[in-house]
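# Survey of secondary and tertiary structure
In case you want the letters, here they are:
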Amino acid sequence: MAEVEVNGVRLFYETGGDGDPLVLVHGSWGDHHDWDAVVHAFALRHRVLVYDRRGHSASERPAGPGSRFEDEEDLAALLETLGFAPAFVVGNSFGASLSLGLAARRPELFRALAVHEPPLLDVVADLPEWREEVAATRERIDGVSALLREGDALAAARAFVDTVAFGPGAWERFPQALKDTFVVNAPTFLDEQGDPEWAALDLEGLRRCTAPALLTRGSLSPRWFGGIFERVAGALPGARAHVFEGAGHVPHVTHPQRYVEELTAFFARAE
């Protein structure tokens, strides 16, 4: 177990393997264990860094409201402090959002970028074809936040899994350890939702990122991820796109072999 202090907060991290640097950035509710099914395979070819984002599991939980910008700055500081920059950066869900946000401001930190389903609702909120689905999704997220404000972390975690990200019945299929992690990290999701910029992205700034980029989504995920997928792809010069057939929001968990093969091939081309 290792810790490093960046931006006034202690972050837990682990490294392993040897080769070109690769950083894995987890989404909301989870922690570095989200990558357990793929981290060892990546470490056969890369020096891999996984960490718990601020407010998650073993990392420090600062008091007061936070922002996605702080998460982005934490990632930048980790890359520079631990000697990983420029790195291959892989982000899932909210981890994909903050990876893209940092790439729009600090493209020199990225050797290549691979992101899966960033929930950047503001990116498609102005498009008529997605307006209804975005509004319905925001309503469901607001319901999760309301449960968290009432102090019912378990009900909030279940509602997020079943109604927002994974689909009906998914919570019951989760292993107990993952359910426990979601409940422990639930307060940080409410903190994230308090940031008015949590779902936004500087698309014009992102155009300045010339690092190779891979955008992925799951064929079973909510449809609105497809709209975000297309809008972000249009802002990244030369971005590659891939759909994981039969997968959803966490292909690195449900289809680890296919996930590693796709990203490893992409990294090899980027090199």
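## Here's the deal with the overall build of the chain
When helices and strands are tallied, the chain shows eleven helices and eight strands. Computed over C-alpha atoms, the radius of gyration of the chain comes to 17 Å, within 12% of the 18 Å expected from 2.2 N^0.38 for 271 residues, which places it in the range of a compact globule. When the accessible area of the chain is evaluated, it comes to approximately 11,300 Å², of which 52% is carbon and sulfur surface. Distance from the positive charge centre (25 side chains) to the negative charge centre (41 side chains) of the chain: 4 Å.

## Some words on the packing of aromatic side chains
Applying the stated rule across the entire model yields 14 aromatic pairs. Between Phe42 and Tyr259 the ring centres are 6.4 Å apart and the planes differ by 70°, which places this aromatic pair in the edge-to-face class. Taken together, the residues Phe42 in helix H1 (residues 36–42) and Tyr259 in helix H11 (residues 256–270) connect sequence positions 217 residues apart. Given a relative accessible area of 1%, Phe42 falls into the buried group. An aromatic cluster is built from Trp29, Phe160, Phe166, Trp171, Phe174, Phe182 and Phe189, whose rings are joined through pairwise contacts. The lysine or arginine in question, Arg217, covers the ring of Phe229, its NZ or CZ lying 5.2 Å from the ring centre.

## Structural notes on the layout of surface pockets
In this approach, a probe sized like a water molecule rolls over the atoms, and the result shows the empty space that is left. A volume near 660 Å³ is recorded for the largest pocket. In this structure, the largest pocket is lined by 34 residues; those nearest its centre are Phe166, Phe174, Leu178, Val250 and Val253. Put simply, the parts of the chain that give the lining of the largest pocket at least two residues each are H1, helix H5 (153–165), helix H6 (170–173), helix H7 (176–193) and helix H10 (251–254). Here the lining of the largest pocket gets four residues from one element, more than from any other, and that element is H7. A per-class count over the lining of the largest pocket returns 16 nonpolar, 14 polar and four charged. In this structure, the second largest pocket occupies an estimated 280 Å³ of space. Forming the walls of the second largest pocket are 15 residues, and the residues nearest its centre are Pro62, Gly64, Gly66, Thr188 and Asp191. Of all the secondary-structure elements, those providing two or more residues to the lining of the second largest pocket are helix H2 (68–81) and H7. Top element by residues in the lining of the second largest pocket is H7. It accounts for four residues.

## Quick notes on the pattern of salt bridges
Overall, the coordinates contain 18 salt bridges when judged by the stated rule. Residues Glu172 and Arg158 are paired through a salt bridge, measuring 2.7 Å at the closest nitrogen-oxygen approach. With a gap of 14 residues between them, Glu172 in helix H6 and Arg158 in helix H5 connect regions that are remote in the sequence. A relative accessible area of 34% places Arg158 in the partly exposed class. Taken together, the shared-partner salt bridges in this structure form one network comprising Arg68, Glu72, Glu73 and Arg105.

## Examining unusual backbone geometry
Ala85 connects to Pro86 through a cis peptide bond whose omega is -10°. Inspection of the secondary structure puts Pro86 in the loop between H2 and strand S5 (87–92). Positive phi, close to 75°, is recorded for Trp29, a residue that is not glycine. By the element assignment, Trp29 lies in the loop between strand S3 (20–25) and H1. Residue classification places Trp29 among the buried positions, given a relative accessible area of 0%. Of note in this structure, Ser93 is not a glycine but carries a positive phi near 55°.

Cut-offs and rules
Residues numbered from 1 in each chain as written. Predicted model: local features only at pLDDT ≥ 70, side-chain atom pairs only at ≥ 80, totals over all residues. Heavy atoms only, no water. Helix = DSSP H or I, 4+ residues; strand = E, 2+ residues; numbered from the N terminus. Rg over C-alpha atoms; globule rule 2.2 N^0.38 Å. Areas by Shrake-Rupley, 256 points an atom, 1.4 Å probe, with all protein chains shown as cover. Lys, Arg positive; Asp, Glu negative; His and termini not counted. Charge placed at Lys NZ, Arg CZ, Asp CG, Glu CD. Phe/Tyr/Trp six-rings, centres within 6.5 Å; stacked < 30°, edge-to-face > 60°. Buried < 20%, exposed > 50% of the residue type's maximum accessible area, 1.4 Å probe, protein only. Lys NZ or Arg CZ within 6 Å of the ring centre and 35° of its normal. 1 Å grid on protein atoms, 1.4 Å probe; cavity = no way out; pocket = protein on both sides within 12 Å on 5 of 7 lines; lining within 4 Å. Points joined across faces, edges and corners; volume = space filled by probe spheres on them. Nonpolar A, V, L, I, M, F, W, Y, C, P; charged D, E, K, R; others polar. Salt bridge = Lys/Arg side-chain N within 4 Å of Asp/Glu carboxyl O.

In short, geometric facts, not functional conclusions.
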